[in-house]
Amino acid sequence: MSKDELQASGGSDRRGFMRGVLAMITGTLALLGPLVGGLAVVLEPLRQKKHGQAGGFIKVGQLASLPNNGLPKKYDILADRQDAWNRYPNVPVGSIYLRRTEDDQITAFNIICPHAGCFVQVDQQQKQYNCPCHNSQFKLDGSKSNADNPSPRGMDPLDVEIRNGDEIWVHYQSFKTGVADRIPNS
Amino acid sequence: MHMFLKWLEERTGLVKSFESLLFRKIPGGAKWRYTWGGLLVFMFVVQAITGFALWMAYSPSTRTAWESVFYIQHIMPFGWLVRGIHYYAAEAMVILVLLHVLQKIWFRGYQKPRELMFWLAMAMALVVVSCSLTGYLLPWDQQGYWSAKVRTHIMSLSPVIGPYLERISVGGDHFGHFALTRFFALHAGFFPFLLVLLLVGRMLLMRRYRQMETESKPDVISEPFWPNQALKNALTSLAVMGVVLLITVKPQWFGFAHLGMGAPLASPADPTDLYAAARPEWYFLFLFQFLKYFPGELEIVGAIVIPGAIVGYFALMPWIGRHIAGHVLNILVSIFLLGGAIWLTLTAKNNDARNAGYQTAAKEAQIKAARAIELASGPKGIPAQGALQLLHQDPKTQGPQLFATHCSSCHRYDGHDGLGAIPADAPSAPDLKGFASRQWLTEFLNPDHIATERYFGGTAFADGDMVKYVTDDVAEFDADKKDALAAVVRILSAEAQLPSQKNPETTETPLSDEDRDELFYDVGCTECHEFHFEDEDMDGPDLTGYGSRGWMIEFISNPAHARFYKSNNDRMPSFREEGILDEEAIGLLADWLRGDWYEPEENQASVAIAEPAP
């Protein structure tokens, strides 16, 4: 190839332009495999997975373990949990407060503060729930009790059933935090 | 040497490039405020060196992260030093990049043609902070875990992409292995890579500006970088490193009184444990405080909208500052924001100092962290299930919690509920501190004490046979009988095999079985109690093995059992039979009441003092 020919194919003419485009397409194609594969791995958590537990009631304890004194008591929710490559059978996946006001009257609240997801504590003296993170306070019935409560809603109630006469079963769910509506987490 | 350099130069041109870098012209000569670039590069190199060393010992998974960081911090020689430098240099870097931006605003360093330089500085600040945010989770301790949870929650508030961002960074619905692997990849890979790009970009831009300046102002005297500016750079780097080293070695001089050498490590992350001491790093306290003013759905305003607007304003500063009035406005806004952040930080500190609940929580967190480290350093080491299991199976940690939840509505422990709080209602069952010890038994058998709240005063047995026996019979005992009773206390207490009474000076020469039975018969115990014999007609609890681990577990499991109170049982629930507590929890409670838990050797002297033998 002469010097003139070399310059002619250097990009100023139509053929040179086409080659440039071709080079870019080829290069992109070469990168496509690792790029798409890599993105798929990075974005994998966005894939919605089916949860076996969703919608089911879980047994949390015996009726006798909950004194009939109207004070909340913490219970752990035990279930099988899959964490990445590990499967943990029967581990705490969350906690709830149970409160017995009558013999067969039990209310349940998720322990998670609807504000920012911290764990709410019980102040037995003041008879209320306190969140240690941003000072949300709730009455024992779950409603907000302080005026400057940063939580957008009261504590999240859960359905309770007494089965077989002496077992407490709870429909365990957690909800999206920081919004006024109760949107169950998938 | 010369030959080699010549050889290298002919093939690479590296020598010339290096020389031009080293002897680059600095218009106006070396200045202290030109040391920023060098200092930032230096800090990055420090983080790269220490980070790489930590990387070689760190394992990102929920059952190895805390464990490997513990190993680095407490077992590896100089591990604490490397981790301490990495931790405090990161904090220094956050301060430095912020000052860097503020300095550019103050000296109007964003003016044409240096707008890009200013944005680079801003980007650097954001990347350095991102490095800190992601690094904070990696030890997988309570502090990092709960902070990260709040942060990803804040991230999820961003419009439209928020929830997706949260899922991508957490690696799923829950914090688990993938949260660690992802945060680690961002912390050690992605953000440092960005930072290198920014630092290189800064260097190239700087070179271009200096060239332009020397060309446009030929009368300004310039000086080469080497050696004057280089010396200044080295001195500032040494000064900053000196401070970092000092904090690492002597954190107590800087107000971190509870810390040992190196960076702090809280107890292992426990998703089921209320961590009331959760607070962000000090340089994020202002944002933490700020969020308190935005209740409910307004949170997004405080967490996303306003911070976003502030970053946006900073990005626009080069244009706003074109006129001197705009420049003054920029400075005023910066001072206002800085002052506001300081004020918010101090308010947060103040609130916490006055918040008794937080103070207790912080103290408990410290105790727990120390205990986790004690157990992990203990003879059993860390099991494959991770260090959290050590805490979950530790009577010293779990006992007080269990006692407060399940026992303290009737019983007391040294007058409190096990955790140190005094319940409002009077006790209605015995105080169990030192149960079955000689001291406890001696006081129990004292006519003046048995009917008090501390023993049987609040129970259904207040008018029972045992109280009558002590207040009527024992009160009349002569000296011989009193000696016999003391011997009974010694023998009965020995049944418990309490760790606190294992000291040789408190053990007596044992009686033969016949003499022992006779003694118990003489004093009157075996009229109602079984003691190394079986008799179903006895009303009182079986004293065989009284206070031992097995006895305690059986008693707590079912106090109404034929061996114990039968139908005379007062209000005590049958914890195992009724499904209130499982076997493991009852075992922990029994161990804790008996003072039976692991203590490192240097602490054992103090344990003996805490539970004195009479």
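Residues numbered from 1 in each chain as written. Chains lettered and ligands numbered in written order. Predicted model: local features only at pLDDT ≥ 70, side-chain atom pairs only at ≥ 80, totals over all residues. Heavy atoms only, no water.

### Quick look at the overall build of chain B
No. 1: If you tally the helices and strands in chain B, you get 23 helices and two strands.
No. 2: Compactness check: chain B gives a C-alpha radius of gyration of 34 Å against a globular reference of 25 Å for 614 residues, more than 25% above the reference.
No. 3: For chain B, the spread of C-alpha atoms along the principal axes amounts to about 115 × 60 × 40 Å.
No. 4: When the accessible area of chain B is evaluated, it comes to approximately 31000 Å², of which 63% is carbon and sulfur surface. (Helix = DSSP H or I, 4+ residues; strand = E, 2+ residues; numbered from the N terminus. Rg over C-alpha atoms; globule rule 2.2 N^0.38 Å. Areas by Shrake-Rupley, 256 points an atom, 1.4 Å probe, with all protein chains shown as cover.)

### Digging into helix α2 (residues 14-42) of chain A
No. 1: For α2(A), with 29 residues, the first-to-last C-alpha span of 40 Å sits near the 42 Å given by 1.5 Å per residue.
No. 2: The largest bend along α2(A) measures about 45° and falls at Leu32(A), with the proline Pro34(A) one to four residues further on. (Expected span 1.5 Å × (residues − 1). Bend = angle between axes of the 7 residues up to and from the residue.)

### What about empty space enclosed by the protein?
All names here are of chain B.
No. 1: If you walk through the whole model with that rule in mind, you get three cavities of 30 Å³ or more.
No. 2: Taken as a whole, the largest cavity holds about 40 Å³ of empty space.
No. 3: Contributing to the lining of the largest cavity are Gln142, Ser267, Pro268, Asp270, Asp273, Lys368, Leu388, Leu391, His392, Thr397 and Gln398.
No. 4: If you list the elements that add at least two residues to the lining of the largest cavity, you get α15 (387-392) and α16 (395-406).
No. 5: In terms of residue count, the dominant contributor to the lining of the largest cavity is α15 (three residues). (1 Å grid on protein atoms, 1.4 Å probe; cavity = no way out; pocket = protein on both sides within 12 Å on 5 of 7 lines; lining within 4 Å. Points joined across faces, edges and corners; volume = space filled by probe spheres on them.)

### Digging into the sheet that holds strand β3 (residues 86-102) of chain A
All names here are of chain A.
No. 1: Across the sheet, four strands lie side by side as β2-β3-β4-β8; this open sheet has antiparallel pairing. The sheet terminates laterally at β2 (73-83) and β8 (157-158), the two strands that pair on one side only.
No. 2: Here ten bridges tie β2 to β3, and the two strands are oriented antiparallel to one another. What sits directly across from Lys74, in β3, is Tyr97. (Pairing = 2+ DSSP bridges.)

### Notes on the interface of chain A and chain B
No. 1: In this assembly, 45 residues from chain A lie in contact with 40 residues from chain B.
No. 2: Across the chain A/chain B interface, buried area totals approximately 3400 Å², and carbon plus sulfur atoms make up 58% of it.
No. 3: When the area that chain A buries against chain B is broken down by residue, the three leading residues are Pro45(A), Phe119(A) and His134(A), summing to 16%.
No. 4: On inspection of chain A and its partner chain B, the count reaches zero salt bridges.
No. 5: For the pair chain A and chain B, the number of links is nine residue pairs in polar contact (both at pLDDT 80 or more).
No. 6: For the side of chain A that touches chain B, the secondary-structure elements that each account for two or more residues are α2, β2 and β3 of chain A.
No. 7: Across the side of chain A that touches chain B, the residue classes break down as 22 nonpolar, 17 polar and six charged. (Contact = heavy atoms within 4.5 Å. Buried area = accessible area lost by both parts, 1.4 Å probe. Salt bridge = Lys/Arg side-chain N within 4 Å of Asp/Glu carboxyl O. Polar contact = N/O pair within 3.5 Å; in protein donor to acceptor, adjacent residues only side chain to side chain. Nonpolar A, V, L, I, M, F, W, Y, C, P; charged D, E, K, R; others polar.)

### A few points about the sheet that holds strand β6 (residues 128-130) of chain A
Residues and elements named next belong to chain A.
No. 1: Strand order in the open sheet formed by three strands is β5-β6-β7, and the pairing between neighbours is antiparallel. Because the sheet does not close on itself, it has two edges, and the strands there are β5 (121-123) and β7 (137-138).
No. 2: Pairing between β6 and β7: two bridges, direction antiparallel. Within β7, the position partnered with Tyr129 by the bridge is Phe138.

### Let's talk about the environment of Asp417(B)
Residues and elements named next belong to chain B.
No. 1: With respect to the helices and strands, Asp417 occurs in the loop between α16 and α17 (438-444).
No. 2: Of the residues examined, Asp417 reaches a relative accessible area of 11% and is grouped as buried.
No. 3: Expressed as a C-alpha distance, the spacing of Asp417 and His406, which sit eleven residues apart in the sequence, is 9.9 Å.
No. 4: Beyond its immediate sequence surroundings of up to four residues, Asp417 is in contact with Pro400, Phe403, Ala404, Ser408 and Pro423.
No. 5: Polar side-chain contacts of Asp417 include one of 2.9 Å to the backbone nitrogen of Leu419. (Buried < 20%, exposed > 50% of the residue type's maximum accessible area, 1.4 Å probe, protein only.)

So far we have only geometry, and geometry alone does not tell us how the molecule works.
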